[in-house]
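Take a look at the letters that make up each chain.
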Amino acid sequence: MSGWSVAVRVEVRLIGVFREAAGSTRLVIEVEEGSRLVDVVDRVVEGVPGLGDVLVDRVVESYAPNALVLVNGVEASNLEGPMTPIGDGSTLVLLPVTHGG
Amino acid sequence: MNALTPICTRCREAPSIYYRPYSGERLCGACFNESLLERVKKTVGKYDMFEYDSRIAVGVSGGKDSLTLLRLLDELERDRPYAELVAVCVDEGVTGYRDEALMLAEKSCRELGVELHRVGFGELFGETMDEIAARDRELGTCSYCGVLRRRALDEAAKAVEADRLATGHNLDDVAQGVLMNVLRGDLVRIDGFHPGGWSLEGFVRRVKPLCEVPERETTFYAYVNGLEFQSLPCPYAEEAMRSDVRRFLNRMEVGRPGTKFTVYQTGLKIRGRGGGGVVGQCRVCGRPARGDLCRACELSGRG
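Residues numbered from 1 in each chain as written. Chains lettered and ligands numbered in written order. Predicted model: local features only at pLDDT ≥ 70, side-chain atom pairs only at ≥ 80, totals over all residues.

Would you mind going over the overall build of chain A with me for this structure?
Secondary structure summary: chain A contains three helices and five strands in total. Secondary structure of chain A in N-to-C order comes out as β-α-β-α-α-β-β-β. Computed over its C-alpha atoms, the radius of gyration of chain A comes to 13 Å, within 12% of the 13 Å expected for a compact globule of 101 residues. When the backbone C-alpha atoms are referred to their principal axes, chain A occupies close to 55 × 30 × 25 Å. Here chain A, with 101 residues, has 42% of them falling under the buried criterion. Relative to all contacts within chain A whose residues are 6 or more apart in sequence, the contacts with residues 24 or more apart total 59%. (Helix = DSSP H or I, 4+ residues; strand = E, 2+ residues; numbered from the N terminus. Rg over C-alpha atoms; globule rule 2.2 N^0.38 Å. Buried ≥ 20, exposed ≤ 12 C-beta atoms within 10 Å, placed from the backbone. Contact = placed C-beta atoms within 7 Å.)

How should the packing of helix α7 (residues 171-184) of chain B against helix α10 (residues 240-255) of chain B be read in this particular structure?
Any two packed helices are characterised by the angle at which their axes cross and by the distance between the axes. Residues and elements named next belong to chain B. Two elements in contact, α7 and α10, have axes whose closest approach is 10 Å; the angle formed by their N-to-C orientations is 115 degrees. Taken as axis vectors, α7 and α10 run roughly perpendicular relative to one another. Of the two possible hands of crossing, α7 and α10 adopt the one that is right-handed. Contact with α7, carried on its side by Asp-172, Ala-175, Gln-176, Leu-179 and Met-180, involves Met-241, Arg-242, Val-245, Arg-246 and Leu-249 of α10 and no other residues of that element. Partitioned by chemical class, the residues of the contact of α7 with α10 number six nonpolar, one polar and three charged. (Axes fitted to C-alpha atoms, helices over the stretch in contact; angles between N-to-C directions. Parallel < 35°, antiparallel > 145°, perpendicular 65-115°, else oblique. Left-handed = near helix turned anticlockwise from the far one by under 90°. Nonpolar A, V, L, I, M, F, W, Y, C, P; charged D, E, K, R; others polar.)

How do you make sense of the sheet that holds strand β5 (residues 116-120) of chain B when you look at a structure like this?
Sheet strands pair by backbone hydrogen bonding; their relative direction is either parallel or antiparallel. Residues and elements named next belong to chain B. As summarised here, the arrangement of the five strands in space is β5-β4-β3-β6-β7, forming an open sheet in which the pairing is parallel. Two strands bound the open sheet, and with one partner strand each, they are β5 and β7 (205-207). Across the sheet, the mean angle separating the axes of adjacent strands is 30 degrees when strand polarity is ignored. This element, helix α2 (residues 64-77), spans β3 (55-59), β4 (84-91) and β6 (164-166) of the sheet and lies at about 160 degrees to β3. Where helix α3 (residues 98-112) meets the sheet, it contacts β4 and β5, and its direction lies at approximately 170 degrees from that of β4. (Pairing = 2+ DSSP bridges.)

What is the right way to look at the interface of chain B and chain A in this model?
Accessible area lost upon the coming together of the parts is a frequently used measure of interface size. Of the residues lining the interface, 34 residues belong to chain B; the matching set on chain A comes to 28 residues. Secondary-structure elements contributing two or more residues to the side of chain B that touches chain A are β1 (18-19), α2, α9 (215-224) and α10 of chain B.

Please clarify how the environment of Asp-39 of chain A should be interpreted in this entry.
Secondary-structure assignment places Asp-39 of chain A in helix α2 (residues 37-47). In this structure, the C-alpha to C-alpha distance between Asp-39 of chain A and Pro-82 of chain A, residues 43 residues apart in sequence, is 8.3 Å.

Mind showing me how you'd approach helix α6 (residues 141-159) of chain B here?
Each α-helix winds once per 3.6 residues, and so residues spaced three or four apart point in a common direction. The end-to-end C-alpha distance of α6 of chain B, which contains 19 residues, comes to 26 Å, matching closely the 27 Å that a straight helix rising 1.5 Å per residue would cover. Among the residues of α6 of chain B, Tyr-144, Cys-145, Leu-148, Arg-151, Ala-152, Leu-153, Asp-154, Ala-156 and Ala-157 of chain B are the ones counted as buried. (Expected span 1.5 Å × (residues − 1).)

I'm lost on the sheet that holds strand β2 (residues 26-32) of chain A in this one. Help?
Taking strand neighbours across the sheet as the criterion, the five strands line up as β2-β1-β5-β3-β4 (chain A) in an open arrangement whose pairing is mixed. Of all strands in the sheet, those bounded by a partner on one side alone are β2 and β4 (74-75) of chain A. On the sheet, α2 of chain A packs against β1 (7-14), β2, β3 (67-71) and β5 (90-96) of chain A and is oriented at approximately 125 degrees with respect to β2 of chain A. Contacts between α9 of chain B and the sheet are confined to β3, β4 and β5 of chain A, with β3 of chain A contributing the most and set at about 40 degrees to the helix.

Explanation requested: the nonpolar core in the structure shown.
Note on soluble globular proteins: their nonpolar side chains tend to be buried together. One finds Val-69, Leu-70, Val-71, Leu-92 and Leu-94 of chain A together with Ala-57 and Val-58 of chain B to be the most contacted residues of the largest nonpolar core, which totals 101 residues. The leading source of residues in this core is α6 of chain B, at seven residues. (Core = buried A, V, L, I, M, F, W, Y, C linked by C-beta atoms within 7 Å.)

Sorry if this is basic, but what is going on with α7 of chain B here?
Residue and element names in this part refer to chain B. With 14 residues, α7 should reach 20 Å at 1.5 Å per residue; the first-to-last C-alpha distance of 20 Å fits that figure. Counting buried residues in α7 gives 10 out of 14 residues, a clear majority hidden from the surface. Taken as a whole, α7 has its buried residues at Leu-171, Asp-172, Asp-173, Val-174, Ala-175, Gln-176, Gly-177, Val-178, Leu-179 and Asn-181. Where the residues of α7 are buried, they touch α8 (187-192), α9, α10 and α11 (259-270). Once α7 finishes, Gly-185 follows within two positions and takes phi at roughly 70 degrees, a positive value.

Could you clarify how one ought to interpret unusual backbone geometry in this entry?
Not every positive phi belongs to a glycine, and Glu-61 of chain A is a case in point at roughly 50 degrees. Structurally, Glu-61 of chain A can be placed in the loop between α3 (51-55) and β3. A residue is classified by how many C-beta atoms lie within 10 Å of it, and Glu-61 of chain A, with 8 of them, is exposed. Residue Arg-12 of chain B is not a glycine yet carries a positive backbone phi of 60 degrees. Here Arg-12 of chain B shows up in the segment before β1. When the 9 C-beta atoms within 10 Å are taken as the criterion, Arg-12 of chain B is described as exposed.

Any functional reading would require information beyond the geometric quantities listed.
So, in structure tokens, the structure goes:
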């Protein structure tokens, strides 16, 4: 085996407080082939200072209490939750559950 | 693009896009919308929220809950030719925040052809939220805003001659309220909990048609239906206890789906039937009050 790893491109759209924390509405990142949703979220949080504070609930170490995550238009818990495989060209939407109003 | 999207458990035809852990349903977009409409219809019926000819003031803030409520009630009231909807909104005077929200509220009302009536803290109480936040005060900003906004919505509903005031409080809001009242030992509020509202002389009856719809679902509805809504929290938001309770319930709901419904149902079981402990009359505005001065007159310095 050669040990080559293949990268897949993922677009991440950020809404509300996540957009504010990231200072951007959209990020494009590359992750290793075979990555799961949790890997992509971890990568985004690592790369964007301040985002983890509003996205991740540190007590349960999960985004689930704070966010709806859509994977190609489907809410992630309707797939395999954090273990949902993320393919090349996927679009994730990170949508905060609590907004202003 | 997702390899294994389950089929909708309701229509058994279309691919599902949303999973409800508390019921096990997997829903396609059309069935998700339909199920929310049905739930609101059932809630309205259960609490006798409206008369067949009610003129319903819908409180719209520009947030996802109130715009979802406006959309769902507009759809429900199409089958009731004698009922009318009119939107009411409150400009608390939070520069840069409320301006955007009100613009979104106006846009949504225009799209649905619903009249919008606007009132402001400045004209009603002589002070905007920016001014209240900047001055010396005993309580947090949310305490002032919550009380004065409720009063302002009541004034607006009266101004448009509505007999009901519908607000966008969702299941999360009411479950948080129940738990906060228990934690504070506030027996009067526990006793007065009623999503269908009380008919009290001097107030327009306030109803909460979304009280059985989780916040995740109002959020998902607003997003997938392309509603443009205010997505940033208020800059003055500082309700520490509610934030703690919200975080706790959100964690519990992930691990134990249905927790919020249980808390809400418990609130219904332990409440009384006494009209929310309202026994007196405010000496300033004449409205029903828990003592001889209502909170709105007290906090706006009229007492």
